[in-house]
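The lines below spell out each chain.
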Amino acid sequence: MLAEWEHQSMVQLTWPHKDTDWAPILGEITAVYEEMAREIRKREPLLIVDEISHNDTWARDHGFITVEETTLDPMSKTQVLLDFKFNGWGEKFEATLDNEINRHLYEQGLVKGEYEDHLDFVLEGGSIESDGKGTIFTTECCLMAPHRNQPLTRNEIEERLKEWLGAERIVWLQHGSLLGDDTDGHIDTLVRICPNDTLLYTGGDSDHPDLALMEEELKGLKTLEGKPYRLLKLPLPRPIFDDGDRLPATYANYLVVNDAVLVPTYNQPDLDEEAMRIVGQAFPDREIVGIDCRTVIKQHGSLHCCTMQYY
């Protein structure tokens, strides 16, 4: 599985419409998607899923997961498009139409590569992170959550991930979750792998003691070469509420595109600027661009959740 910072051929957005949960704030969320589209399009092609029927817009979790397959010829590489099942994060929401998107895109020639059908296995793109050289990060609370792949054991799931994603090892984090999270602890809200064995991770507060335990886990991790990771802690946004419910705001849910990193912001200038500065330390050769995601988190996701990259 490729690292997100590899050169991309395009990014996918699945567009909001009146029959999704965005209906009450369709104008607001459309404006945010338009801003995302402009920033992506400045740097690479953009694929907008609009005409194909869909339940919702979380391209990260219903989109193809791309792996690169090498042959005996080191100059010959094939992109393989893995189509996993998305079941609304453990059957919390309807996702039947979302599972038809990838096949439509492939049959229409809008995405290129070899198609692999894994629709008998639940796996969301937001639940895994790759360093592009053999290590996959995930969280036990997500991949072992009810209504995903039971009765498979952790070892059985790990062996499948190694085979399909071309991984030498799976790092299972035991701690980490955000209040208001629907995903059972997606790794892309908590810990992100960056170039040069760097980990960007979400810091905690008094309401998130589990994040302090996650930090201790990260301090004890080693790379495949046996070296400690370089750790960069992101601030946690101040609490944001919608109808009394705390929303899962996080700066870790950024998107890497060609020559830039798009970082979610929350109209908290001091923390927004601090987060963008820290992301810049992990990606010093890229422009850091903030996108206001206060509307996006009203549906409990953020910028990375809305997008999926192709290579």
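What you see is a predicted model, and the numbers here were worked out from it, not measured in a lab. (Residues numbered from 1 in each chain as written. Predicted model: local features only at pLDDT ≥ 70, side-chain atom pairs only at ≥ 80, totals over all residues. Heavy atoms only, no water.)

(A) Summary view of the sheet that holds strand S15 (residues 260-265). Spatially, three strands are ordered S14-S15-S16 in an open sheet, and the strand pairing comes out mixed. The open sheet has two free edges, formed respectively by strand S14 (255-257) and strand S16 (287-292), since each of these has just one partner strand. Within the sheet, the average angular offset between the axes of one strand and its neighbour, ignoring direction, is 25°. Where S14 lies against S15, three bridges are found, and the strand directions are antiparallel. If you follow Leu255 over to S15, its bridge partner there is Leu262. The strands touched by helix H1 (residues 26-41) within the sheet are S14, S15 and S16, with S16 carrying the most contacts at an inclination of about 165°. (Pairing = 2+ DSSP bridges. Helix = DSSP H or I, 4+ residues; strand = E, 2+ residues; numbered from the N terminus. Axes fitted to C-alpha atoms, helices over the stretch in contact; angles between N-to-C directions. Contact = heavy atoms within 4.5 Å.)

(B) Molecular detail of helix H8 (residues 269-282). For H8, spanning 14 residues, the distance from its first C-alpha to its last is 20 Å, which sits close to the expected 20 Å at 1.5 Å a residue. Looking at H8, one finds that the buried residues are Leu271, Asp272, Ala275, Ile278, Val279, Gly280 and Ala282. Those residues of H8 that are buried are in contact with strand S9 (191-194), strand S10 (198-202), strand S11 (230-234), S15 and S16. (Expected span 1.5 Å × (residues − 1). Buried < 20%, exposed > 50% of the residue type's maximum accessible area, 1.4 Å probe, protein only.)

(C) The pattern of salt bridges, seen in detail. Counting across every chain of the model gives 22 salt bridges. In this structure, Asp205 and Arg246 form a salt bridge, with 3.2 Å as the shortest nitrogen-oxygen distance. In this pair, Asp205 sits in the loop between S10 and helix H7 (209-219) while Arg246 sits in strand S13 (residues 245-246), placing the two residues 41 residues apart along the sequence. Here Lys233 and Glu215 are joined by a salt bridge, their closest N and O atoms 3.2 Å apart. Taken together, the positions of Lys233 in strand S11 and Glu215 in helix H7 put the pair 18 residues apart, joining distant regions of the chain. Using a relative accessible area of 42% as the deciding quantity, one classes Lys233 as partly exposed. Given the relative accessible area of 14%, Glu215 is considered buried. (Salt bridge = Lys/Arg side-chain N within 4 Å of Asp/Glu carboxyl O.)

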